[in-house]
Amino acid sequence: MSQFDQVIERRNSGSVKWDLVEELYGSRDVLPMWVADMDFHAPRPVVEAIVARAQHGVYGYTMRPASVYEAIEDWARTRHNWTIEREWIGFSPGVVPGLAFLLYALSEPGDKIIIQPPVYHPFAFTIRENDRQIVNNPLIFEDGQYRMDFEDLRQKAHDGARLMILCSPHNPIGRVWTREELQRLGEICIQHGITVISDEIHSDLLMPGQVHTPFASIGEEFAQNSVVCTAPSKTFNLAGLQTSIITIPNKELRDKFNAIMNRLHLGLPNTFGLAAMEAAYRFGGEWLDELGGYLSENLAYLTAFFEREAPQIKVVQPQGTYLAWLDCRELGLSTEELSRFMREDAKVGLDDGHIFGPGGDGFERINIACPRSVLQDGLQRIAGAVRKLGA
Ligand SMILES: Cc1ncc(COP(=O)(O)O)c(C=O)c1O
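Parameters and conventions
- Residues numbered from 1 in each chain as written.
- Predicted model: local features only at pLDDT ≥ 70, side-chain atom pairs only at ≥ 80, totals over all residues.
- Heavy atoms only, no water.
- Near = heavy atom within 4 Å.
- Polar contact = N/O pair within 3.5 Å; in protein donor to acceptor, adjacent residues only side chain to side chain.
- Areas by Shrake-Rupley, 256 points an atom, 1.4 Å probe, with all protein chains shown as cover.
- 1 Å grid on protein atoms, 1.4 Å probe; cavity = no way out; pocket = protein on both sides within 12 Å on 5 of 7 lines; lining within 4 Å.
- Sits in = over half its atoms within 2 Å of the grid points.
- Helix = DSSP H or I, 4+ residues; strand = E, 2+ residues; numbered from the N terminus.
- Nonpolar A, V, L, I, M, F, W, Y, C, P; charged D, E, K, R; others polar.
- Buried < 20%, exposed > 50% of the residue type's maximum accessible area, 1.4 Å probe, protein only.
- Pairing = 2+ DSSP bridges.

Caption draft 1: Seen up close, the site of the ligand. Close contacts around the ligand come from A36, G94, V95, V96, P97, Y120, C167, N171, D199, I201, H202 and K234, and that covers them all. N171 is positioned such that a nitrogen or oxygen atom in its side chain is 2.7 Å from an oxygen atom of the ligand. Measuring from an oxygen atom of the ligand, one finds a side-chain N or O atom of K234 at 3.1 Å. The fraction of the free accessible surface of the ligand (390 Å²) that becomes covered by protein chains is 89%. A majority-of-atoms criterion places the ligand in the largest pocket. Broken down by element, the residue count for the shell around the ligand peaks at 3 residues, all from helix 5 (residues 95–106). Here the residues of the shell around the ligand sort into 7 nonpolar, 3 polar and 2 charged.

What follows is the structure in structure tokens.
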């Protein structure tokens with residue numbers, strides 16, 4: 001039995017995923033398989049580091065010692081073959097708040113920002129709510145796979161944009177972009193003076209055989225034209241600790257980001273987040289490798305299950321992340337019907353595809369970072385509802 005098979009009661013722990021289920025999905029009986037956190041314990045060394053820090057009993061203002069920077073640098077080098085310099089490293093409570101700070105730092109109201117839908121919906125929200133303009137460069141879905149539309153990107157870049165927010169690996173469709181794809185994208189952006197904000201929060205969550213390329217590692221020009229957002233939050237299930245990393249090799253861009261962070265007085269870390277991050281990057285590697293094996297087995301289980309029990313639902317195979325993108329269009333339901341079907345008939349709480357923007361209609365996103373028994377329960381609920389639909 002794997003450590004990830006253990007079912008942990010998360011209700012009444014203030015969990016967004018579990019304790020908001022009734023409010024969001026209308027019933028306590030809905031099984032939540034939506035927001036991107038995992039139903040697993042964090043690695044033991046992380047828990048121990050937090051407990052040790054808690055036992056100290058004094059939680060005053062905290063600084064970041066050199067050992068934290070070393071842990072971040074070592075992780076980037078050993079896991080992603082990416083050498084980062086200490087002064088490039090900045091912080092933000094979360095990646096999404098970091099995106100907002102970067103919009104303030106690197107763009108003006110009214111500026112155009114390119115994104116690639118269907119994509120993690122807070123990108124569009126953050127752009128819109130901060131009075132910038134969304135420019136969509138939709139992904140192309142063909143033969144069950146997604147790819148970038150470079151011709152369209154070239155056109156949009158030519159028409160003028162200040163920034164591009166790249167999702168790498170891409171949530172919700174699960175692509176781990178190849179070096180060549182990132183290079184083509186980067187060349188277009190460099191040519192048109194568009195800075196790339198590369199959200200790489202899922203970069204440690206790779207299916208077997210996949211390699212993630214940090215955007216800034218492709219070459220000096222790419223490093224100078226980008227900001228890379230990472231975090232231990234998805235990787236080690238620490239989202240509630242509000243600790244993420246904003247790496248900016250270009251001094252001018254970095255100064256602008258730091259000026260915003262200073263103006264907002266957001267420079268100091270959360271004591272527990274800091275302790276957890278250092279422990280995770282130093283001692284979490286083995287746990288992560290085991291997790292990767294478990295997630296790929298969950299994916300294989302899900303894929304075989306749908307092929308056998310509900311072949312109308314096609315699984316777009318993710319190369320990374322613990323999210324699977326389900327093509328439900330063969331069910332023949334409208335956007336509202338599909339949402340209602342999952343919630344009320346199947347009683348599962350998924351993320352409806354349409355929230356991810358153009359190209360998301362008819363799809364659902366399911367989170368597979370849960371014990372296999374929970375996954376089985378969720379899939380059986382869906383298959384049972386699909387059978388009734390056909391009857
Ligand atoms: C692509 C992407 N970026 C950012 C986040 C959230 O980042 P944070 O919790 O650090 O704001 C998520 C969470 O699902 C995500 O998928």
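Caption draft 2: Broad picture of the pairing of strand 15 (residues 363–367). By the criterion of burial, strand 15 is predominantly enclosed, with 5 of the 5 residues buried. Going residue by residue along strand 15, you find F363, R365 and N367 tucked away on one face and E364 and I366 tucked away on the opposite face as well. In this sheet, strand 15 lies alongside strand 12 (residues 323–327) in antiparallel orientation, the contact comprising 5 bridges. Bridging across to strand 15, L323 finds its partner in N367. Where strand 14 (residues 351–352) and strand 15 come together, 2 bridges link them in antiparallel fashion. Bridge pairing in strand 15 links D352 to E364.

Honestly, that's just the spatial picture; any functional story needs more than this.
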